[in-house]
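Architecture and fold: a report
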Amino acid sequence: MQELDDISLLKQYAEQESEEVFAALVSRHINKVYSVARRHTHNPAQAEEITQAVFVILAKRINRLGKRVILSGWLYQTARLASLTFLKSEIRRARREQEARMQSILNEPADETWAQIAPLLDSAMGSLNETDRQAVVLRFFDGKSMREVGVALGASEDTAKKRVSRAVDKLRVFFARHGVHSTTAIIAQSISANSVQVAPAALAKSVTAIALAKGATASSSTLTLFKGALKVMAWTKAKTAIVTGVAILLAAGTTTMIVKQKVSSEQRATYESIFKHPDSDSMGPLQACPPVLIIRPTQYPNTSSGIWTPGGRVVYVNADLTDLIAWAYNFDPVREIVPGDMSPGGYDYLNTMPKPTDALHTAITKQLGLTAQPETRSTDVLLLKVWDPDKLNALRTRGKPFACYGTGHGETQFRYFTNAPLSLLTQQIVEGYFRKPCIDDTGEKGNYDFSIQWDEPKGLAGQSRWDALQPVIEQRLNSLGLELVHTNMPMQMLVVNKAE
């Protein structure tokens, strides 16, 4: 078949419903769709099922796509939303424990940067606006030139370069906020080299057949996924059509102030329902929420959890004030210096504003009376060092795929890493339990397979719990051939002050 652009192929299929035309579209984009699904599920069979559902959606909705649709970006977004739907399904919940033991079937690349950003990539992509996301997909997932990106976006080559550069820098900030620090150049190179894997050879043929049958021959689980994904897509679309009236609710003490817009009792009930269930079940209502920012003293002191949607919307129950400041300034909470008389408190936080970070930043400044700026300060720091090279060398990865997850059964906690850099250990374990900056000073560049297990202290909470756990964590690190050295050194810290 003569090489045609996506728009021409879509038009031709809409007119003729040609199997050859649809097969060409599948062949062109299947690797990208499959790779998105596999990053989410870590399971080839489930990634194939999601891929089938995505192309069934395309076949059913092809006449509804706009004339200027960028199919590559549309398929990426659909694959991402379908994958999120799958993760919420009964199928995923029933198999969760089994899949934790099936990591060995993966074949992810061992690049250190990719190993760190891969679990975060699609959430980071979801935080971008539509045009930025399309630019990144075209440039790094599809390998288009800047001129081709510009043509697809209806812009000049120079404008496309600026758009891609800004988008990658937003990804860098997102990764840094989640403990992964790298440069835009390395991030771009890593995404370009690793984000798309080759789908199984037979998948394109089966996907084409099922999609052309509009899903009639698909399995019941694929049809369930298809219907669920359409609902999520509808929520996402509805979000952009909501009236742009803004409500800002901010609690000062026990008094709630409402600015700019009255909030109906029905809306209040919706907000409260989201706060009561800050988990995957709240994803849909959170996506459909009108623009609102709520910060109030927590009404759920025994809970501490939250979710972020792909578009950057967030609900978090019982968040520390230091966490709110960190999210507003794209900083790590352990690298904050706060006034000695500032109570960390506990806050319920809901943010569905169009620019959530900017809205939170403004609220912290104007309503909570706090400002912050990065400064180099001498501070207490932990250095991760090697004390027994033989023990550490014994943990060098033996070709297992990258994995990083934790489990908890009652009083026992377990963290498991394979093919992972030691920097993940500093970010996810040491800083989390010692609440101090930790620097990987091992000089080790390779990846390792290691696990850490400990029993939670009985009858302790808050600072007493942290104090009891820290020597336990140090002992577990020693068993891996590592040690923590306590020191004081200059570091860039976020210095928080009360506004004048």
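Throughout this description, residue numbers start from 1 for each chain and increase along the sequence as written. With the structure being a predicted model, the display of local features is reserved for residues of pLDDT at least 70 and the display and counting of side-chain atom pairs for 80 or more, all residues being used for whole-chain, interface and lining totals. The side-chain numbers reported here are obtained from all heavy atoms of the structure, hydrogens and water having been left aside.

1. Here we look at unusual backbone geometry
Its identity is not glycine, yet Asn 419 carries a phi of approximately 50 degrees, on the positive side. Accessibility here uses a 1.4 Å probe with only protein chains present; expressed as a share of the type maximum, an area under 20% marks a residue as buried, one over 50% as exposed, and anything in between as partly exposed. For Asn 419, a relative accessible area of 6% gives the class buried.

2. Quick notes on the nonpolar core
Note on terminology: a nonpolar core comprises buried Ala, Val, Leu, Ile, Met, Phe, Trp, Tyr and Cys residues joined through side-chain atoms within 4.5 Å. If you look at the biggest cluster of nonpolar residues, it comprises 59 residues, and the most contacted ones within it are Leu 58, Met 125, Phe 141 and Phe 175. In terms of residues, this core owes the most to one element, helix H2 (residues 19-41), which gives nine residues. What makes two residues a contact is simply this: any of their non-hydrogen atoms within 4.5 Å. Setting aside its immediate chain neighbours within four residues, Met 125 contacts Tyr 76, Arg 133, Val 136, Val 137, Phe 141 and Leu 171. If you look at the next biggest cluster of nonpolar residues, it comprises 26 residues, including Leu 384, Tyr 448, Phe 450 and Leu 477. By the criteria applied, helices consist of DSSP H or I runs no shorter than four residues and strands consist of E runs no shorter than two, each listed in order from the N terminus.

3. Details of the confidence of the model for the chain
For the chain, the mean per-residue pLDDT works out to 78, and 80% of the residues sit at or above 70. Across the chain, each position has a pLDDT score giving the predictor's confidence in that residue, from 0 to 100. Here strand E2 (residues 255-259) stands out as the least confident element of the chain, with mean pLDDT 38; helix H17 (residues 389-393) is the most confident, with 92. Confidence drops under pLDDT 50 across residues 90-110; counting only partners more than four residues distant or on other chains, this segment forms 40 contacts. Overall, residues 235-248 carries pLDDT values under 50, and its contacts beyond four positions in sequence, including any with other chains, amount to 31 contacts.

4. Description of the sheet that holds strand E13 (residues 482-498)
Here a strand pair is declared whenever DSSP counts at least two bridges between the two strands. Spatial strand order, E6-E13-E8-E11: four strands in an open sheet with mixed pairing. Each having just a single partner strand, strand E6 (336-337) and strand E11 (438-440) make up the two edges of the open sheet. The pairing of strand E8 (residues 370-386) with E11 spans three bridges and is classified as parallel. Across the sheet, the residue bridging to Leu 383 is Ile 439, located in E11.

5. Remarks on the packing of helix H15 (residues 321-329) against helix H16 (residues 356-366)
In contact at an axis separation of 8 Å, H15 and H16 are set at 130 degrees when each is read in the N-to-C sense. Here H16 runs oblique to H15, going by the angle between their axes. Between H15 and H16 the crossing geometry is left-handed. Residues Leu 324, Ile 325, Trp 327, Ala 328 and Tyr 329 of H15 touch H16, and the partners they reach there are Thr 357, Leu 360, His 361, Ile 364 and Thr 365. Tallied by class, residues from the contact of H15 with H16 come to seven nonpolar, three polar and no charged. Whenever a helix is involved, its axis is fitted only over the stretch in contact; in every case the axis is a line through C-alpha atoms, and angles between N-to-C directions fall within 0 to 180 degrees. Under this scheme an angle from 65 to 115 degrees is roughly perpendicular, one under 35 degrees roughly parallel, and one over 145 degrees roughly antiparallel; angles in between are oblique. Each crossing gets its handedness from the near helix: less than a right angle anticlockwise from the far helix is left-handed, clockwise is right-handed. The classification used treats Ala, Val, Leu, Ile, Met, Phe, Trp, Tyr, Cys and Pro as nonpolar, Asp, Glu, Lys and Arg as charged, and all other residues, Gly among them, as polar.

6. Overview of the packing of aromatic side chains
The criterion for an aromatic pair is that two Phe, Tyr or Trp rings (for Trp, the six-membered ring) have centres within 6.5 Å, with stacked assigned to planes under 30 degrees apart, edge-to-face to planes over 60 apart and tilted to the rest. Scanning all chains against the criterion turns up nine aromatic pairs. Each ring, one from Tyr 76 and one from Phe 141, has its centre 5.2 Å from the other, and the planes form 70 degrees; the classification is edge-to-face. Of this pair, Tyr 76 sits in helix H4 (residues 71-88) while Phe 141 sits in helix H7 (residues 130-141); the two residues are 65 residues apart in sequence, bridging distant segments of the chain. Phe 141 matches Tyr 76 in its accessibility class, with the two residues each being buried. An angle of 85 degrees between the planes, with centres 6.2 Å apart, marks the rings of Phe 174 and Phe 175 as edge-to-face. Judged by relative accessible area, Phe 175 falls into the buried class, the value being 0%.

7. What to know about helix H10 (residues 184-194)
Every buried residue of H10 is listed here: Ile 187, Ala 188, Ser 190, Ile 191 and Asn 194. With its buried residues spanning 165 degrees around the axis, H10 presents them on a single face. What points out from H10, more than 90 degrees from its buried face, is the exposed set Ala 185, Gln 189 and Ala 193. Buried residues along H10 sit against helix H6 (112-126), H7 and helix H9 (157-177). Directions drawn from the helix axis to the C-beta atoms are what define this arc.

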